[in-house]
Amino acid sequence: MAVKVETYDLNVYYGNVHALKGVSVRIDANNVTAVIGPSGCGKTTFLRVLNRLVDLDGAKVSGNVYLDGEDILNGIDVTSLRRRVGMVFQQPNPFPMSIYNNVAFGPRIHGIRDKRSLDRIVELSLKKAALWDEVKDRLYESALRLSGGQQQRLCIARALAVQPEVILFDEPCSALDPVSTAKIEELIRELRREYTIIIVTHNMHQAARISDYTAFFLNGELIEFDKTPQIFGNPQDRRTEAYINGIFG
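Overview of the structure.

Cut-offs applied
- Residues numbered from 1 in each chain as written.
- Predicted model: local features only at pLDDT ≥ 70, side-chain atom pairs only at ≥ 80, totals over all residues.
- Heavy atoms only, no water.
- Helix = DSSP H or I, 4+ residues; strand = E, 2+ residues; numbered from the N terminus.
- Rg over C-alpha atoms; globule rule 2.2 N^0.38 Å.
- Buried < 20%, exposed > 50% of the residue type's maximum accessible area, 1.4 Å probe, protein only.
- Contact = heavy atoms within 4.5 Å.
- Areas by Shrake-Rupley, 256 points an atom, 1.4 Å probe, with all protein chains shown as cover.
- Lys, Arg positive; Asp, Glu negative; His and termini not counted.
- Charge placed at Lys NZ, Arg CZ, Asp CG, Glu CD.
- Core = buried A, V, L, I, M, F, W, Y, C linked by side-chain atoms within 4.5 Å.
- Expected span 1.5 Å × (residues − 1).
- Polar contact = N/O pair within 3.5 Å; in protein donor to acceptor, adjacent residues only side chain to side chain.
- Pairing = 2+ DSSP bridges.
- Phe/Tyr/Trp six-rings, centres within 6.5 Å; stacked < 30°, edge-to-face > 60°.
- Axes fitted to C-alpha atoms, helices over the stretch in contact; angles between N-to-C directions.
- Parallel < 35°, antiparallel > 145°, perpendicular 65-115°, else oblique.
- Left-handed = near helix turned anticlockwise from the far one by under 90°.
- Salt bridge = Lys/Arg side-chain N within 4 Å of Asp/Glu carboxyl O.

## Concerning the overall build of the chain
Then, in step 1: Tallying secondary structure elements over the chain gives ten helices and ten strands in all.
Then, in step 2: Here the C-alpha radius of gyration of the chain, 18 Å, is about what a compact globule of 249 residues would show, namely 18 Å.
Then, in step 3: Each principal axis of the C-alpha distribution contributes one length, and for the chain these read about 55 × 40 × 35 Å.
Then, in step 4: Counting all 249 residues of the chain, 52% fall into the buried class.
Then, in step 5: Intrachain contacts of the chain at a sequence separation of at least 6 include 66% that bridge at least 24 residues.
Then, in step 6: By element, 47% of the accessible surface of the chain is carried by carbon and sulfur atoms, the whole surface being about 11,600 Å².
Then, in step 7: Between the mean site of the 30 positive side-chain charges and the mean site of the 30 negative ones, the chain shows a separation of 4 Å.

## Focus on the nonpolar core
Then, in step 1: Residues I99, L126, L154, I156, F169, I188 and L191 are the most contacted members of the largest nonpolar core, which totals 45 residues.
Then, in step 2: No other element matches the five residues that helix α6 (residues 148-160) contributes to this core.
Then, in step 3: Judged by nonpolar contacts, the second largest core, of 29 residues, contains V23, F46, L53 and L67.

## Considerations on helix α7 (residues 178-191)
For an α-helix the count is 3.6 residues per turn, leaving residues at separations of three or four pointing the same way.
Then, in step 1: Over its 14 residues, α7 runs 20 Å from end to end, which matches the ideal 20 Å to within 8%, given 1.5 Å per residue.
Then, in step 2: As for α7, its buried residues are in contact with β3 (32-36), α4 (115-128), α6, β7 (166-170), β8 (196-200) and α8 (204-210).
Then, in step 3: The N-cap of α7, judged by a side-chain oxygen 3.0 Å from the amide nitrogen of V179 a few residues on, is D177.

## With respect to the pairing of β3
Then, in step 1: Buried residues dominate β3, accounting for five of its five residues.
Then, in step 2: By the alternation rule, side chains of β3 split into V32, A34 and I36 and T33 and V35, which are all buried.
Then, in step 3: As paired elements, β3 and β8 share four bridges and run parallel to each other. Within β8, the residue paired with A34 across the bridge is I199.
Then, in step 4: Where β3 and strand β9 (residues 213-218) come together, four bridges link them in parallel fashion. For A34, the partnering residue across the bridge sits in β9 and is T214.

## Overview of the packing of aromatic side chains
Then, in step 1: Here the structure, examined in full by the defined rule, presents five aromatic pairs.
Then, in step 2: Pairing F46 with F217 gives two aromatic rings, centres 5.3 Å apart and planes at 45 degrees, and the pair type is tilted. A residue pair is termed long-range when its members are at least 10 positions apart, and F46 in helix α1 (residues 43-49) and F217 in strand β9 qualify at 171 residues. There is no split in this pair, since F46 and F217 are both buried.
Then, in step 3: For the pair Y213 and F225, a centre-to-centre distance of 5.7 Å together with 10 degrees between the ring planes defines the contact as stacked. Highlighted residues: Y213 in strand β9 and F225 in strand β10 (residues 221-227), separated in sequence by twelve residues.

## Some words on the packing of α6 against α7
Then, in step 1: Direction vectors running N to C along α6 and α7 enclose 20 degrees, while the axes themselves pass 9 Å from each other. With respect to each other, α6 and α7 are oriented roughly parallel. Crossing geometry of α6 relative to α7 is assigned as right-handed. Residue-level inspection shows G149, Q152, R153, I156 and L160 of α6 in contact with α7, the latter providing S180, K183, I184, L187 and L191.

## With respect to the pattern of salt bridges
Then, in step 1: Under the criterion given, the structure shown has 17 salt bridges.
Then, in step 2: The salt bridge involving E165 is made with K4; its shortest N-O contact spans 2.7 Å. Within this pair, whereas E165 is found in the loop between α6 and β7, its partner K4 is found in strand β1 (residues 3-14), the two being separated by 161 residues in sequence.
Then, in step 3: Taking the shortest distance from any N to any O, the salt bridge between R48 and D57 comes out at 2.9 Å.
Then, in step 4: The partly exposed category is assigned to D57, whose relative accessible area is 31%.
Then, in step 5: Within this structure, K4, D68, E70, R84 and E165 form a network of salt bridges that share partners.

## Description of the sheet that holds β1
Sheet strands line up and pair through hydrogen bonds in the backbone, either parallel or antiparallel.
Then, in step 1: Reading across the sheet, the four strands line up as β2-β1-β4-β5 and stay open at both edges, with antiparallel pairing between neighbours. Each edge of the sheet is formed by a strand with only one pairing partner; in this case those strands are β2 (17-28) and β5 (70-71).
Then, in step 2: Note: strand β4 (residues 60-67) against β5, two bridges, orientation antiparallel. What sits directly across from Y66, in β5, is D71.

Following this line, the structure appears as structure tokens:
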């Protein structure tokens, strides 16, 4: 299977804090990779490096990060990168505008103005996000009137609308109820057919349910990376086993 994302000796510093320490990992295309570890271990920093949001944090980054073999830390257009690598955040963050305009926002920024094209993109994106049937008759209502779970699926549709290759999820279910969480998990399983997905989660059961591979981080280091059944069933590092068994975290 083709490697989609690869990091080599990735280091991130926030001032004197060494947030990521020599992280090297290869992530295959069309898989779900879960990133687990205790709070402050570098999970979200790792995610934010992959679409250069870490640039906004004032961090110093060294090493290499490749997307389809192209080093994204050197000489790449960041706007183009963030179209290719979308992100869904912990808290649903719809724009204070209509459902339709939330989804059409990205395509418009990238130059699509034709109403028929935008209509097609909005419908397809909402269908992929399993939201179309719930909102197709209220597209011009405020997105802020949607439930929390619907808002999060709208944010996924918004990310899909610009046709990304990779979607980053930063604890997308932590603010949701169990029913909404189940819908998001089912959606992620479906999306892996077309996209490479990397998800940060504190929920061990969620990681085991939805991911193909799991990366365990601790104190800024990548301790172990393997197929999910191996990580949860027979981890090679005692620290991974201790974390999964709830001894710390």
